[in-house]
Amino acid sequence: MKAIAAGAILLAVSGQASLADPCQDKFTELYLQLDQGVPTKTAVTTEFKGAPATTNDFLYLNQDHYLTVPTSPAGPWVLGYGNVLYQSSDEGKTWAKVREMDTAQNADGARQAKMDNAATIRNTACSEEEVSGEPVDVVAADITVSQGMVTENRYTYWVRKSDGFIVKAVYDTKAPNFEMLTTQVIEKAPELTLPTPE
C-alpha cells in the first residue's frame, strides 16, 4: 500500500509518466517522506555562514513523540508529546508545558508544503559511495522552499542500499539574508524510549 501511495504521489508531482527521470523520482520519494518509519537518533550540525556551528541530538519515536537535546552549546531540552510541546532546563528531570499544538494538522501541513515544494525539484544527480563500509546511493537536487520565506536549496541524501535507510542528509540553504548548512547523521534506534510528562 505504501508503494502504491508513493507511486501516485510521484506521478502527481512529475506530471507525465512518459517524462519520468529515475533519479528525480528517487529524490522526490526521499524528499516527500515525513519520517523513515522507525525510531531514529540524529546528530544534527547547523552552520550559519559567519557564525559558530551548533549541534543537537534529535530523538524520534514518531510524529507524536520526539526530543531535541542541544549539545553545543547546551540548552533547554524540547519534547513533543501528544499535542503538547514541553521544555526542560534540568536535562529531563522536570518538564514545563510550553504550548499546545495540533500534531495531526501540523503533519498534514508539512505534507502539503512538501508537495508544493516538490514541483520545483531540478538538477538531480545520483551516484554511489560507501559509508562505514556499506554501499549507499547518493541522491541530490536543487529545490525551492517557499514556506515562511523563499529559500534556494541543495539537498543531498545518502541512502543505504541494503535497506533504503537514509543514513545522512545535507541541506545547503541560501536565503536573501543568510546562508545555512545543516548536516544530519542518522541511525536507527529500535530501543529508544522518551519521557512522557503527565
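For the structure itself, look to the data block above.
As the structure is a computational prediction, the values presented were derived from the model and not from experiment.

How each quantity is defined
- Counting restarts for each chain: residues are numbered from 1 in the order of the written sequence.
- Local features are withheld for residues below a pLDDT of 70 in this predicted model, meaning they are given only at 70 or higher, and side-chain atom pairs are given and counted only at 80 or more; totals for whole chains, interfaces and linings count all residues.
- Side-chain figures throughout are based on the complete set of non-hydrogen atoms in the structure, without hydrogens or water.
- Strands are runs of DSSP state E lasting at least two residues, helices are runs of H or I lasting at least four, and both sets are numbered from the N terminus onward.
- Each residue's exposure class comes from its accessible area (1.4 Å probe, protein chains only) as a fraction of the maximum for that residue type: buried when under 20%, exposed when over 50%, partly exposed otherwise.
- Contacts are residue-level and defined by heavy atoms, with any inter-residue pair within 4.5 Å sufficient.
- In this description, accessible areas are obtained by the Shrake-Rupley approach with a 1.4 Å probe, and a residue is regarded as covered only by the protein chains that are shown.
- The criterion for strand pairing is that DSSP finds at least two bridges linking the strands in question.
- Every axis in this analysis is a line fitted to C-alpha atoms, fitted for helices over the stretch in contact. Angles between the N-to-C directions lie between 0 and 180 degrees.
- Only one rule defines a salt bridge in this text: a Lys or Arg side-chain nitrogen within 4 Å of an Asp or Glu carboxyl oxygen.
- The pocket and cavity definitions rest on a 1 Å grid over protein atoms only: a 1.4 Å probe that fits but cannot leave marks a cavity, an open set with protein on both sides within 12 Å along at least five of seven lines marks a pocket, and residues lining either have an atom within 4 Å of a point.
- Grid points are joined across faces, edges and corners, and a volume is the space filled by probe spheres set on the points.

1. Details of the overall build of the protein
Then, in step 1: Of regular secondary structure, the protein possesses 3 helices and 11 strands.
Then, in step 2: Put simply, the protein runs from its N terminus to its C terminus through helices and strands in the order α-α-β-β-β-β-β-β-α-β-β-β-β-β.
Then, in step 3: Looking at the protein residue by residue over its 198 residues, the buried ones come to 33%.
Then, in step 4: In the protein, once contacts between residues fewer than 6 apart in sequence are set aside, the share between residues at least 24 apart is 39%.
Then, in step 5: For the protein, the exposed surface amounts to about 11400 Å²; the carbon and sulfur share of it is 54%.

2. A closer look at the sheet that holds strand β7 (residues 122-131)
Backbone-to-backbone hydrogen bonds join strands into a sheet, with any given pair of strands oriented parallel or antiparallel.
Then, in step 1: The strand order across the open sheet formed by 11 strands is β6-β5-β4-β3-β2-β1-β11-β10-β9-β8-β7, and the pairing between neighbours is antiparallel. Each of the sheet's edge strands pairs with one partner strand only, and the pair in question is β6 (96-100) and β7. Each strand of the sheet is rotated relative to its neighbour by a mean of 20°, with strand direction disregarded.
Then, in step 2: Note that strand β1 (residues 40-48) and strand β11 (residues 179-188) share 9 bridges and pair antiparallel. In the strand pairing of β11, Val44 is matched with Gln184.

3. Let's talk about the pattern of salt bridges
Then, in step 1: Enumeration according to the criterion identifies 10 salt bridges in this entry.
Then, in step 2: Close ionic contact of Glu152 with Arg122 constitutes a salt bridge, the shortest N to O distance being 2.7 Å. With a gap of 30 residues between them, Glu152 in strand β9 (residues 151-160) and Arg122 in strand β7 connect regions that are remote in the sequence.
Then, in step 3: On the accessibility criterion, Glu152 (37% relative accessible area) is partly exposed.
Then, in step 4: As a salt-bridge pair, Lys161 and Glu128 come within 3.2 Å of each other at their nearest N and O atoms. A residue pair is termed long-range when its members are at least 10 positions apart, and Lys161 in the loop between β9 and β10 (166-174) and Glu128 in strand β7 qualify at 33 residues.
Then, in step 5: Relative accessible area serves as the criterion here: at 38%, Lys161 is assigned to the partly exposed category.
Then, in step 6: Residues participating in the shared-partner salt-bridge network are Glu134, Arg160, Asp163 and Lys188.

4. Description of unusual backbone geometry
Then, in step 1: Omega for the peptide link from Ser72 to Pro73 comes to -5°, which places this bond in the cis form.
Then, in step 2: Along the polypeptide, Pro73 turns up in the loop between β3 (65-72) and β4 (77-81).
Then, in step 3: Residues other than glycine seldom take positive phi values, yet Ser132 does so here, at roughly 55°.
Then, in step 4: By relative accessible area, which is 76% here, Ser132 ends up exposed.

5. What about the layout of surface pockets?
The method is simple in principle: a probe with the dimensions of a water molecule rolls over the atoms, and the space it marks as empty is what remains.
Then, in step 1: By volume, the largest pocket is sized at about 1300 Å³.
Then, in step 2: Mapped onto the lining of the largest pocket, the elements with two or more residues apiece are α2 (22-32), β1, β2 (54-62), β3, α3 (103-118), β9, β10 and β11.
Then, in step 3: The element that contributes the greatest number of residues to the lining of the largest pocket is α3, accounting for 7 residues.

That's the geometry; what it means functionally is another story.
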